[in-house]
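Structural description and commentary
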Amino acid sequence: MPENSVREHLKNSDRKTVTTYVILHTLVVISLIRQLLAGDFYNAFLCIVSLLLFMIPRLVETKLKIELPDLLECTIYIFIFAAEILGEINNFYQIIPFWDTILHTLNGFLCAAIGFSLVDLLNRNSRRVNLSPLYLALVSFCFSMTVGVCWEFFEFSMDNVTGTDMQKDTLVQNINSVYLNETGANRTVKIRKIDNTEIHTADGQTYEIKDGYLDIGLIDTMDDLFVNLIGALTFNVIGYIYVRKRDFSKKNIAMRFVPHKMDETQSEAQEELKALADELEEDEEKRKEDR
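Residues numbered from 1 in each chain as written. Predicted model: local features only at pLDDT ≥ 70, side-chain atom pairs only at ≥ 80, totals over all residues. Heavy atoms only, no water.

Brief notes about the overall build of the protein
Helix and strand counts for the protein come out as 10 helices and eight strands. Within the protein, the proportion of its 291 residues that are buried is 36%. Taking the intrachain contacts of the protein between residues at least 6 apart in sequence as the baseline, contacts between residues at least 24 apart amount to 60%. Just so you have it, the protein exposes about 19000 Å², and 60% of that area is on carbon and sulfur atoms. (Helix = DSSP H or I, 4+ residues; strand = E, 2+ residues; numbered from the N terminus. Buried < 20%, exposed > 50% of the residue type's maximum accessible area, 1.4 Å probe, protein only. Contact = heavy atoms within 4.5 Å. Areas by Shrake-Rupley, 256 points an atom, 1.4 Å probe, with all protein chains shown as cover.)

Structural data, given as structure tokens:
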């Protein structure tokens, strides 16, 4: 992206947004230099990907003429930094137990906001389309869940093709399995209070798993989708109320997360200024009458 476009975008952004961008961008560059000096080219690649992802808000505004609210833009920057730099490179996924859960919940919320805005922009700028608030919320929810499912497909594919472990393992003490039924009948064998598991490979290696049985990804995937659902539902409640009332004030939390067309945002600002001017004019007339 041209440097002058970046500068122009920053000039038009809120001070908090600019500060967030500069700080996180600088930290990513520092991390990139560290990884290159350490010879870790995979982590260096993740830093480069993060820098590229940081450009998405500017591309959306310059190419698509869609204005992202400052809070949404800041949240996107923080999410990218938390997922790639803190989560992957600094191993927060292992150090902090609920780090992955927090990010997937936030992802569900953000994707719902984006999906909601895509349909709402069509709904508000077309004379032939007039969708109900409930329908907007339903489409937004489905969009968020689809993104969540596609991400889990990506994790599964990466684990099987490249040998990574994006779908983290989970220790469980209880399992129910038809496969372990020696009679071959379709009846569940319930195994409880698993204390220890051993894995023996064909080349003679042995791995001991203490305190339970190792679930390789299923529970992690279902947990991710469940918290994604919570995030999506949370935003859709907010979005539904926003569409019903059409409250364009800055106090409305939905307005801080729903993107708008630039000309639409300008017209809304003009309407607010006009309303304020009318109020001032009415107050002035009342004062004259009182005199």
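A word on the packing of helix H8 (residues 133-161) against helix H9 (residues 218-245)
The geometry of H8 relative to H9 is characterised by a closest axis approach of 9 Å and an angle of 155 degrees between their N-to-C directions. In this view, H8 runs roughly antiparallel relative to H9, as classed from their interaxial angle. Here the hand of the crossing between H8 and H9 comes out right-handed. (Axes fitted to C-alpha atoms, helices over the stretch in contact; angles between N-to-C directions. Parallel < 35°, antiparallel > 145°, perpendicular 65-115°, else oblique. Left-handed = near helix turned anticlockwise from the far one by under 90°.)

Details of the packing of aromatic side chains
This model, assessed by the stated rule, comprises seven aromatic pairs. For the pair Tyr21 and Phe54, a centre-to-centre distance of 6.3 Å together with 50 degrees between the ring planes defines the contact as tilted. Remark: Phe54 occurs in the loop between helix H3 (41-53) and helix H4 (56-63) and Tyr21 occurs in helix H2 (residues 15-38); sequence separation between them is 33 residues. For Tyr21, a relative accessible area of 11% puts it in the buried group. On the numbers, 5.4 Å between centres and 85 degrees between planes, the contact of Phe109 with Phe235 is edge-to-face. Note that Phe109 is positioned in helix H7 (residues 99-124) and Phe235 in helix H9, a separation of 126 residues in sequence. Just as Phe109 is buried, Phe235 falls in that class too. Grouping aromatic residues by their ring pairs yields a cluster made of Tyr21, Phe54 and Tyr77. (Phe/Tyr/Trp six-rings, centres within 6.5 Å; stacked < 30°, edge-to-face > 60°.)

Side note on helix H5 (residues 70-89)
A rise of 1.5 Å per residue sets the reference length of H5, with its 20 residues, at 28 Å; its end C-alpha atoms lie 27 Å apart and thus fit the reference within 8%. For H5, the tally of buried residues reaches 16 of 20 residues, placing the bulk of the element in the interior. (Expected span 1.5 Å × (residues − 1).)

A closer look at the side chain of Glu155
Counting through the fold element by element, Glu155 comes out in helix H8. Within the buried set, Glu155 has no salt-bridge partner at all; the shortest N-O distance to an opposite charge, 7.9 Å, is to Lys168. With sequence-adjacent residues up to four places away left out, Glu155 is seen in contact with His104, Met166, Gln167, Asp220 and Asp224. (Lys, Arg positive; Asp, Glu negative; His and termini not counted. Salt bridge = Lys/Arg side-chain N within 4 Å of Asp/Glu carboxyl O.)

Brief notes about the packing of H5 against H7
Two packed helices can be described by the angle between their axes and the distance between those axes. Two numbers describe how H5 lies on H7: the axes approach to 11 Å, and their chain directions differ by 150 degrees. Compared by their axis directions, H5 and H7 come out roughly antiparallel. At the point where H5 passes H7, the crossing takes the left-handed sense. Between H5, through Leu72, Thr75, Phe79, Ala82, Ala83, Leu86 and Gly87, and H7, the contact on the second element is made entirely by Trp99, Leu103, Leu106, Asn107 and Leu110. Here the contact of H5 with H7 is built from residues that sort into nine nonpolar, three polar and no charged. (Nonpolar A, V, L, I, M, F, W, Y, C, P; charged D, E, K, R; others polar.)

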